[in-house]
2 protein chains.
Amino acid sequence: MTSTSPSALKGLMIILDGLGDRPVEQFGGQTPLEAAATPNLDDLVERGMSGMVRPIRPWVPVGTQVGTALLMGLAAADIPLLNRGPVEAAGAGLKLRDGDIALRCNFATLRENGVAFEIDDRRAGRIDSGTSELAAAVDGMELFGGVVAGFRASTQHRAVLRLSGTGLSADITDTDPGSGNEAWGIQPCRPLDPGDAVAQRTAALVNEFVQRAHEVLDAHPVNDARRSRGQLPANGLLTRGAGMVMTPRNFVNQLGLSATLITGEGTVDGLGRLFGFSVINKPEFTGAQVTDIEAKIEAAQAALEDSDLVFVHFKGTDVAAHDLNPAAKRDFIEKVDAFMPTLVDDDVVLALTGDHTTDSTTGRHTGDAVPGVILASGSRLDQVSRFAESTCRAGALGSLTSTSFLMAMLDHMHVLHNYRGYEDEFIQ
Amino acid sequence: MTSTSPSALKGLMIILDGLGDRPVEQFGGQTPLEAAATPNLDDLVERGMSGMVRPIRPWVPVGTQVGTALLMGLAAADIPLLNRGPVEAAGAGLKLRDGDIALRCNFATLRENGVAFEIDDRRAGRIDSGTSELAAAVDGMELFGGVVAGFRASTQHRAVLRLSGTGLSADITDTDPGSGNEAWGIQPCRPLDPGDAVAQRTAALVNEFVQRAHEVLDAHPVNDARRSRGQLPANGLLTRGAGMVMTPRNFVNQLGLSATLITGEGTVDGLGRLFGFSVINKPEFTGAQVTDIEAKIEAAQAALEDSDLVFVHFKGTDVAAHDLNPAAKRDFIEKVDAFMPTLVDDDVVLALTGDHTTDSTTGRHTGDAVPGVILASGSRLDQVSRFAESTCRAGALGSLTSTSFLMAMLDHMHVLHNYRGYEDEFIQ
């Protein structure tokens, strides 16, 4: 008698950004999740498996980009690729063709000293409006040799530069001296290898763009208005993280599954596009209101029709914690909890966790593990019946990395093969 | 509203060497820690987070050098560097300049057979006095080519040889055949690569030193006295672990923190110096008496004024276990326990664990995990209220490596950044 091969199930993972927390004084030492009334999440825990998710290394905090990327299948070995222009380009909707290079940029406040640029502020006073107009003013600039600069604003002071043409190389240095090194001023872009003629030419193109962009931006009406309001002008650009088109390895793709990502955040959106997922990002997804949650949940249910795996990303928990507002975090968790019953479906493996812990007392990302739950038909059970930091460590999932949490979900979707070795690239 | 950056806290880690144990018959199956009355450690566990520390790999025992080095931030990838002369040299206060090489040595009992040296005892009857006089007799010996031998006694039968001059290489073989291979006799020092002329010359220098040191030591009054007392003479030297000046990577240094180490043991002292920590090692630190404990605790409190992180190392637990004396181990734990209340401070993250388990029934290091506790303001809590092998595995820290135990401490000191990738060199 041979074993039967069960048909594959679909999967839905809900990522509550910065879900984990530490004890909060105003909650009598409970965390926001512990203080929240979450009857529906508790029911998932009661009927499913819970555990504690530590993103990459025990007690090492991670940023949202790394944390969500791992939950969505990024190979841990490819984490270093994330710190590159092509990720920012994907998030900003700037398409890279073979041979193009992309660089991450900051709008900054610069001052010419006759020889070079001094940096008055690496983030142009943390500018958060008017950057689209500024970006449009330098987008499409024609540089020497027929190379064209594409330029898009991203979130806050961030932006992305694409150089399109022939004979380009990503083996060039950053013009951004980095946080804490503002006093060094803008660094000239140079080839990493002085003998690399292609990189030498690319560096010269970046330097031309930086110089000409300053002239355009410094005279732009948006900056005139900023100066008249006493704000620092966003009259220059810092560049870093040059990279060419790339595809970080992703376990979901490795398995040949189709995936959809639902998010309102640019960085996470860019990750999804880089992974080749369908990305649904609507203007109404940006807030922490009930209507936003409902819209995302509806989009997720629709996406499950066509996709094997759907990821839904909520930012409200993390925003509240960074704002040192544990009550808002608790309330957001309760709002999400209310939608859980509509998602329970025997044919769908339902998982919920966070990408990292954000301490709402200090506003810091910390290395504490994050509660996670998986509801899947046929799974083992455990004795846990409350979704909280203090309870889930006794659950059947135990303590596991974000990648292993995804693996546990995929295993219950019946889409994993027996170990072949390539899994090692993905799990660390 | 943006999040505030909480100010960094200081940290104090107490390392009880060989703290963990196995059930002891005379304690009715309890371990020495379980048999000890530790009201103050229990109070730390009640108010903080506990867990089980498995030094590097589950169930793989470690030596004190590796165990303490990992707790103090050594990159796991650099563990192999520790088995080298330069660590012993640092502990013995022999400074290495660029180009010098250092070798670990044993005082041994040798016998010339006309052609080579036979080894009667690899440790010269476990000699533990008179080695400083013997070392002084060969220290400063001028070898061929202007190379000078520096020589210092270390703990018990151990010593260190430094060769200073030009044209030296550490790519040479050991003259020590290793434990269990005494019958092979002393091995001639050879270059690892027969075609390496610099290593060939260095090997010849080591061979000259071994030959001439035997002549000096064999005729030394210390050995005349030993022979007259029926003891084996320390009339020769075995060499191993040649190495040049080096700096093992350390996570505490990577973070730019200042650290102080308080210890009475030469090996651990050497580690601290190699890491660039301030090391406080006084003659009164060597015993297991209450006065020694008090002196170390006072030194720790003083060091916290100037250092970000202070490590205090106690050897009494391990010595008692190696002596198959669980009662002495229990008593030493109780003595340390009494000082805990003076160390509790809201502005200091307090951690206590051991570098490994030493089984006081067999005297062996074993792979069992070691209880650990961290008391930090704002941390998560757990339900554990007793500091013991049988209880701490239910704690909030779970099961974690020594490096991760340090990370958890650093995370609560608010000094970690979000994951950048370099952490991988440190955590395995």
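Details of the structure are given in the entry above.
Per chain, residues are indexed from 1 in the order of the written sequence. To read the labels, note that chains go from A and ligands from 1, taken in the order they are written. Local features in a predicted model are, by the rule used here, given only for residues with pLDDT of at least 70; side-chain atom pairs are given and counted only at 80 or more, and totals for whole chains, interfaces and linings are based on all residues. Only hydrogens and water are set aside; all other atoms, that is, all heavy atoms of the structure, feed into the side-chain values.

Participant: Would you explain the pattern of salt bridges in this entry?
Facilitator: In what follows, salt bridge is the name for a side-chain nitrogen of Lys or Arg lying within 4 Å of a carboxyl oxygen of Asp or Glu. Enumeration over the complete set of coordinates arrives at 42 salt bridges over all chains. Measuring nitrogen to oxygen at the nearest pair gives 3.0 Å for the salt bridge that ties Asp43 of chain A to Arg47 of chain A. Within this pair, Asp43 of chain A and its partner Arg47 of chain A are both found in helix 2 (residues 39–47), separated by four residues, close to a single helical turn. Residues Lys315 of chain B and Asp17 of chain B are paired through a salt bridge, measuring 3.2 Å at the closest nitrogen-oxygen approach. Note that Lys315 of chain B is positioned in the loop between strand 10 (309–314) and helix 11 (316–322) and Asp17 of chain B in the loop between strand 1 (10–16) and helix 1 (32–35), a separation of 298 residues in sequence. Strands here are runs of E lasting at least two residues and helices are runs of H or I lasting at least four, both read from the DSSP assignment and numbered beginning at the N terminus.

Participant: Could you clarify how one ought to interpret the packing of helix 5 (residues 131–138) of chain B against helix 6 (residues 197–218) of chain B in this entry?
Facilitator: Packed helices, taken two at a time, are described by the angle between their axes plus the distance between the axes. Residues and elements named next belong to chain B. Interhelical geometry of helix 5 versus helix 6 gives an angle of 125° and a closest axis separation of 10 Å. The orientation of helix 5 relative to helix 6 falls into the category oblique. The interaxial crossing formed by helix 5 with helix 6 has right-handed handedness. Across the interface between the two elements, Leu134, Ala137 and Val138 of helix 5 pack against Phe209, Ala213, Val216 and Leu217 of helix 6. Class assignment for the residues of the contact of helix 5 with helix 6 results in seven nonpolar, no polar and no charged. Orientation is described by axes fitted as lines to C-alpha atoms, over the contacting stretch for helices, and by angles from 0 to 180 degrees between their N-to-C directions. Reported orientations rely on four angle classes, namely roughly parallel under 35 degrees, roughly antiparallel over 145, roughly perpendicular from 65 to 115, and oblique for the rest. Crossing chirality is assigned from the near helix's rotation relative to the far helix, an anticlockwise turn below a right angle marking it left-handed and a clockwise turn marking it right-handed. Throughout, a residue-residue contact means that at least one pair of heavy atoms, one from each residue, lies within 4.5 Å. Under the grouping applied here, Gly and all other residues not named as nonpolar or charged are polar, the nonpolar ones being Ala, Val, Leu, Ile, Met, Phe, Trp, Tyr, Cys and Pro and the charged ones Asp, Glu, Lys and Arg.

Participant: Can you help me understand the nonpolar core in this one?
Facilitator: The tendency in soluble globular proteins is for nonpolar side chains to be buried as a group. Counting residues in hydrophobic clusters, the biggest one holds 106 residues, and the most contacted among them are Phe311 and Ile374 of chain A together with Phe311, Ile374 and Leu410 of chain B. For Ile374 of chain B, the contacting residues outside a window of four places in its chain are Gly48, Met49, Val349, Leu350, Ala351, Leu397, Phe405, Ala408 and Met409 of chain B. Within this scheme, the nonpolar core is defined by two criteria: the residues are buried Ala, Val, Leu, Ile, Met, Phe, Trp, Tyr or Cys, and they are joined through side-chain atoms within 4.5 Å. Type-normalised accessible area, obtained with a 1.4 Å probe on protein chains alone, sets the label of each residue: buried when under 20%, exposed when over 50%, and partly exposed for intermediate values.

Participant: What am I meant to see in the sheet that holds strand 9 (residues 278–280) of chain B here?
Facilitator: Consider a sheet: its strands pair through backbone hydrogen bonds, and that pairing is either parallel or antiparallel. Residues and elements named next belong to chain B. Strand order in this open sheet of eight strands is 9-8-10-1-11-14-2-15, and the pairing throughout is mixed. Of all strands in the sheet, those bounded by a partner on one side alone are strand 9 and strand 15 (398–400). For this sheet, the mean angle separating the axes of adjacent strands, direction not counted, is 20°. Pairing between strands requires that DSSP locate at least two bridges from one strand to the other. Of the pairings in the sheet, the one linking strand 8 (residues 259–262) to strand 10 comprises four bridges and is parallel in character.

Participant: It is not clear to me how the side chain of Asp42 of chain A should be interpreted in this structure. Could you clarify?
Facilitator: All names here are of chain A. Its place among the elements puts Asp42 in helix 2. Given a relative accessible area of 14%, Asp42 falls into the buried group. At 3.1 Å, the side chain of Asp42 and the side chain of Arg386 are in polar contact. Apart from the residues lying within four places of it in its own chain, the contact partners of Asp42 are Ser385, Arg386 and Phe387. In protein, a polar contact means a hydrogen-donor-capable atom and an acceptor-capable atom, both N or O and within 3.5 Å, with residues adjacent in sequence counting only if both atoms are side-chain atoms; elsewhere, any N or O pair within 3.5 Å suffices.

Participant: Would you mind showing me how to read the packing of aromatic side chains here?
Facilitator: For any pair of aromatic rings, the description consists of the separation of the ring centres together with the inter-plane angle of the planes. Pairing of aromatic rings covers Phe, Tyr and Trp, the last counted by its six-membered ring, and requires centre-to-centre distances within 6.5 Å; plane angles under 30 degrees mean stacked, over 60 mean edge-to-face, and any other angle means tilted. Overall, the coordinates contain 13 aromatic pairs over all chains when judged by the stated rule. Look at Phe251 of chain A and Phe426 of chain A: their rings are 5.1 Å apart centre to centre, the planes differ by 70°, and that puts the pair in the edge-to-face class. Of this pair, Phe251 of chain A sits in helix 8 (residues 251–254) while Phe426 of chain A is found in the segment after helix 13 (402–412), placing the two residues 175 residues apart along the sequence. With respect to class, Phe251 of chain A is no different from Phe426 of chain A; both count as buried. With a centroid separation of 5.8 Å and an interplanar angle of 10°, the aromatic rings of Phe277 of chain B and Phe311 of chain B are classed as stacked.

Participant: What is the right way to look at the sheet that holds strand 8 (residues 259–262) of chain A in this model?
Facilitator: Residues and elements named next belong to chain A. Strand order in the open sheet formed by eight strands is 9-8-10-1-11-14-2-15, with mixed pairing between adjacent strands. Lying at the two open borders of the sheet, with one neighbouring strand each, are strand 9 (278–280) and strand 15 (398–400). Taken over all neighbouring pairs, the strand axes of this sheet differ in orientation by 20° on average, direction set aside. Here strand 8 pairs with strand 9 via three bridges, running parallel. For Ile262, the partnering residue across the bridge sits in strand 9 and is Ile280. The strands touched by helix 2 within the sheet are strand 2 (49–53), strand 11 (348–353) and strand 14 (370–375), with strand 14 carrying the most contacts at an inclination of about 65°.

Participant: Looking at this structure, how should I read the interface of chain B and chain A?
Facilitator: Much of the literature gives interface size as the accessible area that the parts lose upon coming together. At the junction of the two partners, chain B supplies 28 residues and chain A supplies 30 residues. Each of two parts loses accessible area, computed with a 1.4 Å probe, when they are put together; buried area is these two losses added. Carbon and sulfur atoms make up 54% of the area that chain B and chain A hide from each other, which totals about 2400 Å². Its largest share of buried area at the contact with chain A, chain B owes to Arg380, Asp411 and Tyr419 of chain B, together 32% of the area lost on that side. Linking chain B to chain A there are four salt bridges.

Participant: Explanation requested: helix 13 (residues 402–412) of chain B in the structure shown.
Facilitator: An α-helix turns once every 3.6 residues. As a result, residues three or four positions apart point the same way. Residue and element names in this part refer to chain B. With respect to burial, helix 13 is a largely interior element, eleven of its eleven residues being buried. Among all positions of helix 13, only Ser402, Thr403, Ser404, Phe405, Leu406, Met407, Ala408, Met409, Leu410, Asp411 and His412 are buried. The positive-phi residue at the C-terminal boundary of helix 13 is His414, with phi of around 65°.

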